[in-house]
Amino acid sequence: MSIDNARRYTREHHTALTLQRSLLPQRPAEQSAVEAASRYLPSGARAGVGGDWYDVIPLSGARVALVVGDVVGRGLQASATMGRLRTAVRAFADIDLMPDELLTHLDDVVIRLQREEGPEDGETSATCLYAVYDPVSRVCSLASAGHVLPAVATPSGGDGAPSRSVAFPDASIGPPLGLGGLPFETTEFELPEGSLLALFTDGLVRSRTRDVDAARAALCDVLTRAPGSPEEVSDRLLTALLPDRPADDVALLVVRTRALDPGHVATLDVPSDPTAVSGARAFTTRTLGAWDLDELSFTTELMVSELVTNAIRYGRDPVRLRLILQSTLTCEVSDASSTAPHLRRARTFDEGGRGLLLVAQLAEHWGTRHGGEGKVIWAEQALPADGSARNHG
């Protein structure tokens, strides 16, 4: 009976671990906002594999979302719940929600899962940290649902050997997912180029042989002294904090921030006057000419014309046009109105209503994101196949 139980445990542990690894990112997402490295270590405890996860999600406007989370419980149930929550986060990220709004929606998902589960499954609960980094403004926005805050190491700016100042953001930690009715809060802070962020689950710093404060001090010490790539920093962190097999699962995500070359961003404040649309088109033509993207001028001018016209007609001041040259060409038009545009198919004799449909046809991807002061309509186009503009600047 003992041998049979051991075999059964080994088989279930292997199945849960295989499921867990299959639900985590298999390869780094293509984005240029950060250089990222990740690690996942299953626990050595007989309790089984947990529900820790991490993710790197490219967003519009050259931004990137950084996610780390932990499902309460172990075994196949925790791994399956982790996969469902990771999928939900990606779906919410795709519609460009603010961190606090995303966690609010994720909280609703966990509450629905609680209603679906049986008494034998236990109560579903999880923690999650969701951060968004913008390489244009170098601003990081984050919100936490019961999850430990990341360590942030910023370059000292001094001469000689590289050194860093390490701190934890002054941000509030909201309630774990699944409680419902309690608010989350987004915190924003600016990061110098080359900053390191270490996002992790509590298995990295909680141990029976060392208290949390000592572990956090050791983590800060590694980030202060550690040059090298995020891959090397990740290995040093695991060596310093986990000399033995961890008692709890560990998910670790280390990123180094990048800043977009100012020469790859062009911004125009647009007066709230229909006659200003021609000026926006001329600005677009000049900018694309400077970026050696003349072959995209015709389609980009059409999209700019439609988006700026809609912002002037239906939005509120200030209206702003922004062009971003990254791995794609992104056109953004922002205004102070929170009213989202509606994509519809115009009837034969309608005099308007075709602008947004035209943008959707011309762009590879397009969408809307809302902020604290209005909205942004964005549209992305692929760069020419020869890549002539990729190294411009």
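Here the structure is a predicted model, which is why all the values come from computation and not from measurement.

**A word on the environment of Val71**
Mapped onto the elements of the fold, Val71 is located in strand β3 (residues 64-71). As a C-alpha pair, Val71 and Thr124 span 53 residues in sequence and 7.7 Å in three-dimensional space. Residues within four places of Val71 in sequence aside, it is in contact with Gly51, Trp53, Ala78, Thr81, Met82, Leu85, Ser125 and Ala126.

**A few points about the pairing of strand β2 (residues 51-58)**
Summarising burial for β2: seven of the eight residues are buried, a large majority. In this structure, β2 lies alongside β3, joined through eight bridges in antiparallel fashion. What sits directly across from Val56, in β3, is Leu66. Here β2 folds back onto β3 in antiparallel fashion, the turn holding five residues, of which Gly61 has a positive phi close to 65°.

**Looking at the sheet that holds strand β15 (residues 365-371)**
Working definition: the strands of a sheet are paired by backbone hydrogen bonds and lie parallel or antiparallel to each other. Pairing within the open sheet is antiparallel, and its five strands lie in the order β12-β13-β14-β16-β15. Both outer strands of the open sheet, β12 (265-270) and β15, are each paired with one neighbouring strand and no more. In this sheet, adjacent strand axes meet at a mean angle of 15° when their direction is disregarded. Two strands pair when backbone bridges link them, and strand β14 (residues 328-335) and strand β16 (residues 374-382) are joined in this way by eight bridges, in the antiparallel orientation. Residue pairing in the sheet places Ser334 in a bridge with Val376 of β16. Contacts between helix α6 (residues 276-290) and the sheet are confined to β12, β13 (319-325) and β14, with β12 contributing the most and set at about 170° to the helix. Seen against the sheet, helix α7 (residues 297-314) touches β12, β13, β14 and β16 and runs at an angle of roughly 15° to β14.

**Thoughts on helix α5 (residues 230-241)**
Since the α-helix turns once every 3.6 residues, residues separated by three or four places project in the same direction. End to end, α5 covers 16 Å across 12 residues, agreeing with the expected 16 Å (1.5 Å per residue, within 8%). The set of residues buried in α5 consists of Pro230, Val233, Ser234, Leu237, Leu238 and Leu241. Down the axis of α5, the buried set is contained in an arc of 135°. They therefore lie on one face. At its buried positions, α5 is contacted by β1 (34-41), β10 (196-200), α4 (212-225) and β11 (250-257).

**Concerning the sheet that holds β1**
The strand order across the open sheet formed by five strands is β1-β11-β10-β6-β7, and the pairing between neighbours is antiparallel. Strands with a single pairing partner mark the edges of an open sheet, and in this sheet they are β1 and β7 (164-167). This sheet shows a mean twist of 15° between the axes of neighbouring strands, independent of strand direction. Contacts from α5 reach β1, β10 and β11, with the element oriented near 30° to β1.

**Overview of the pattern of salt bridges**
Under the criterion given, the structure shown has 13 salt bridges. Lys375 is the partner of Asp335 in a salt bridge, and the nearest nitrogen-oxygen pair spans 2.9 Å. Highlighted residues: Asp335 in strand β14 and Lys375 in strand β16, separated in sequence by 40 residues. Residue Asp335 is classed as buried on the basis of its relative accessible area of 4%. Because the salt bridges share partners, they merge into one network encompassing Arg39, Glu231 and Asp235.

**Considerations on the nonpolar core**
Core analysis: the largest hydrophobic core is formed by 29 residues, its most contacted members being Trp291, Leu293, Val308 and Leu321. The biggest single contributor to this core is α7, with six residues.

**Let's talk about helix α2 (residues 76-94)**
Taking 1.5 Å per residue, 19 residues should reach 27 Å; α2 reaches 27 Å between its end C-alpha atoms and fits that length. Looking at α2, one finds that the buried residues are Ala78, Ser79, Thr81, Met82, Gly83, Leu85, Arg86, Ala88, Val89, Phe92 and Ala93. Two residues or fewer past α2, Asp96 is found with a positive phi of approximately 60°.

**Things to note about unusual backbone geometry**
Here Asp317 and Pro318 are connected by a cis peptide whose omega angle stands at -5°. For Arg138, which is not a glycine, the phi torsion comes out positive at approximately 60°. Inspection of the secondary structure puts Arg138 in the loop between β4 (126-134) and β5 (139-145). With a relative accessible area of 26%, Arg138 lands in the partly exposed category. The residue Asp292 is not glycine, and still its phi comes out positive at about 60°. Mapping Asp292 onto the fold places it in the loop between α6 and α7. By relative accessible area, which is 42% here, Asp292 ends up partly exposed.

**What about the packing of aromatic side chains?**
Per the stated rule, a full pass over the model turns up zero aromatic pairs. One cation-aromatic arrangement involves Arg216 over Phe168; the distance from NZ or CZ to the ring centre is 3.9 Å.

Calculation rules
- Residues numbered from 1 in each chain as written.
- Predicted model: local features only at pLDDT ≥ 70, side-chain atom pairs only at ≥ 80, totals over all residues.
- Heavy atoms only, no water.
- Helix = DSSP H or I, 4+ residues; strand = E, 2+ residues; numbered from the N terminus.
- Contact = heavy atoms within 4.5 Å.
- Buried < 20%, exposed > 50% of the residue type's maximum accessible area, 1.4 Å probe, protein only.
- Pairing = 2+ DSSP bridges.
- Axes fitted to C-alpha atoms, helices over the stretch in contact; angles between N-to-C directions.
- Expected span 1.5 Å × (residues − 1).
- Arc of directions from axis to C-beta.
- Salt bridge = Lys/Arg side-chain N within 4 Å of Asp/Glu carboxyl O.
- Core = buried A, V, L, I, M, F, W, Y, C linked by side-chain atoms within 4.5 Å.
- Phe/Tyr/Trp six-rings, centres within 6.5 Å; stacked < 30°, edge-to-face > 60°.
- Lys NZ or Arg CZ within 6 Å of the ring centre and 35° of its normal.

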